[in-house]
Amino acid sequence: MKVVIIFCVKAFYKELKQIYNTAGIDAYSEFDVRGYTNKCSGKCEAPNWFASSKDHYDSIATFSFLNQEKGDVLMKQIEEFNKGIDCCSPIHAYMLDVEKFI
C-alpha cells in the first residue's frame, strides 16, 4: 500500500480535483495549509516551494491510500500537469510506502 501526499496552491485546487478524477481516485482527504517562506539563497533545500514575494500562500494538502498502480497513474497525471504550466508553484507530490496500518 502507498500513500500519496500532494501540496498545491489554492489557485490549482480545481485542476487537482480534476487530476484525482482523471486518475480514477475514488477517495482522498484534504485540508487547508498556509505556506510561508523566507527569501532563500541558492542553498535552499526546496527552492520555489513558495515564491517569496508575499507573506503567505493559501494552499491545499491532500492524501490518499492507493495501490502501486493507482499511485503511479496519479503521479504521472501530476507530472504532466506540471509540464504544462508556466508557474513558480507547481503541484508537489510524494508517494511513500505504508509500512504498517491497523
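Check the entry above for the structure.
To start, this report covers the structure provided alongside it. What you see is a predicted model; the values in this text were computed from it and never measured.

Remarks on the nonpolar core
Here comes step 1: Among the nonpolar cores identified, the biggest contains 16 residues, and I6, L74 and I91 are the most heavily contacted of them.
Here comes step 2: Listing elements by their share of this core, those giving two or more residues are β1 (2-9), α1 (13-22), β3 (56-66) and α2 (68-83).
Here comes step 3: Ranked by residue count, the leading element in this core is β1, at four residues.

Some remarks on the sheet that holds strand β4 (residues 92-97)
Here comes step 1: The four strands are arranged β2-β3-β1-β4 in an open sheet whose pairing can be described as antiparallel. The open sheet has two edge strands, β2 (29-36) and β4, and neither has a second partner. Sheet twist, expressed as the mean angle between neighbouring strand axes with direction ignored, is 20 degrees.
Here comes step 2: The pairing of β2 with β3 spans eight bridges and is classified as antiparallel. Among the inter-strand pairings, E30 is bridged to a residue of β3, identified as T62.
Here comes step 3: Sitting on the sheet, α2 touches β1, β3 and β4, and the angle it makes with β4 is about 165 degrees.

What counts as what
- Residues numbered from 1 in each chain as written.
- Predicted model: local features only at pLDDT ≥ 70, side-chain atom pairs only at ≥ 80, totals over all residues.
- Heavy atoms only, no water.
- Core = buried A, V, L, I, M, F, W, Y, C linked by side-chain atoms within 4.5 Å.
- Buried < 20%, exposed > 50% of the residue type's maximum accessible area, 1.4 Å probe, protein only.
- Helix = DSSP H or I, 4+ residues; strand = E, 2+ residues; numbered from the N terminus.
- Pairing = 2+ DSSP bridges.
- Axes fitted to C-alpha atoms, helices over the stretch in contact; angles between N-to-C directions.
- Contact = heavy atoms within 4.5 Å.

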